[in-house]
Structures are given as C-alpha cells and as structure tokens.
Amino acid sequence: MRKIKVGVVGIGHLGAMHARTYQYMPNAELTAVSDINPSRLKEISKQLGVPGYLDYKQLFTKVEAISIAVPTCLHYQVG
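Figured I'd write up the structure that's included with this text. Here the structure is a predicted model, which is why all the values come from computation and not from measurement.

Now for the overall build of the protein chain. Helix and strand counts for the protein chain stand at 3 helices and 4 strands. The linear arrangement of helices and strands in the protein chain, starting from the amino end, is β-α-β-α-β-β-α. Its C-alpha atoms give the protein chain a radius of gyration of 11 Å, near enough to 12 Å, the size a compact globule of 79 residues would have. The C-alpha extent of the protein chain, read off along each of the three principal axes, is 35 × 25 × 20 Å. Every one of the 79 residues in the protein chain was classed for burial, and the buried ones make up 38%. Across the protein chain, the fraction of contacts at a sequence separation of at least 24, relative to all contacts at a separation of at least 6, is 54%. Taken as a whole, the protein chain presents about 5200 Å² of accessible surface, with 59% of it coming from carbon and sulfur. Distance from the positive charge centre (9 side chains) to the negative charge centre (5 side chains) of the protein chain: 3 Å.

Here it is, written out as structure tokens:
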C-alpha cells in the first residue's frame, strides 16, 4: 500500500498530536509541518524529524493531504 504524504498546519498542542499520530499510521507519511511561531516550529520539526515552514503555503508542493490544526477562526482562511 502506498503511503499518503501528509502535513500539519498549526502545531500547537493539538496539531503536534496530529503530527505524532501520522507518524504511526501505516498508510501515511508525515512530510512537513507549519506554524507561525518560529520557536515552536523548530522544536516540533526537530522532534519529528521533518521540515518545518513558517508559511503553510509552502506545504502545497510537498504533501497530498493537510491536517488543519489552527484556531477555529482561521480554518476557512487556511482551508
């Protein structure tokens, strides 16, 4: 079975949980994460061993699916 390349936008508490979960899914490959907080981005991308991007739009060419884990008021804008 081919793995789907996934990314997570917003890696606060819940977003980091989403990203960690993808690492254990047999049909998913966590490819990248994104967050506007540089220190959080550096911390989580290092922990998970994936590239991190401040601009979520940079994920578009690196993934096939994105988990949007930003605050609810930003879901439409990011989606």
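Anyway, onward from the coordinates.
Aromatic ring pairs are described here by two measures, namely the spacing of the ring centres and the angle between the planes. As enumerated under the stated definition, the model contains 1 aromatic pair in all. Plain terms: the ring middles of Y56 and F60 are 6.1 Å apart, the flat faces sit at 70° to each other, and that makes the pair edge-to-face.

Core analysis: the biggest nonpolar cluster contains 14 residues, and V8, I11, A19, Y22, L30, V33 and L48 have the highest contact counts within it. Contributing elements (two or more residues each) for this core: β1 (4-9), α1 (13-24), β2 (28-34) and α2 (38-48). Setting aside its immediate chain neighbours within four residues, L48 contacts A19, R20, Q23 and L30. In terms of nonpolar packing, the next biggest core, distinct from the first, is built from 8 residues, Y53, L59, V63 and V78 among them.

Strand order in the open sheet made by the 4 strands is β3-β2-β1-β4, with parallel pairing throughout. Among the strands making up the open sheet, the edge pair consists of β3 (52-53) and β4 (65-68). Packing of α2 onto the sheet brings it into contact with β2 and β3, and relative to β2 it is tilted by some 160°.

Thresholds applied
- Residues numbered from 1 in each chain as written.
- Predicted model: local features only at pLDDT ≥ 70, side-chain atom pairs only at ≥ 80, totals over all residues.
- Heavy atoms only, no water.
- Helix = DSSP H or I, 4+ residues; strand = E, 2+ residues; numbered from the N terminus.
- Rg over C-alpha atoms; globule rule 2.2 N^0.38 Å.
- Buried < 20%, exposed > 50% of the residue type's maximum accessible area, 1.4 Å probe, protein only.
- Contact = heavy atoms within 4.5 Å.
- Areas by Shrake-Rupley, 256 points an atom, 1.4 Å probe, with all protein chains shown as cover.
- Lys, Arg positive; Asp, Glu negative; His and termini not counted.
- Charge placed at Lys NZ, Arg CZ, Asp CG, Glu CD.
- Phe/Tyr/Trp six-rings, centres within 6.5 Å; stacked < 30°, edge-to-face > 60°.
- Core = buried A, V, L, I, M, F, W, Y, C linked by side-chain atoms within 4.5 Å.
- Pairing = 2+ DSSP bridges.
- Axes fitted to C-alpha atoms, helices over the stretch in contact; angles between N-to-C directions.

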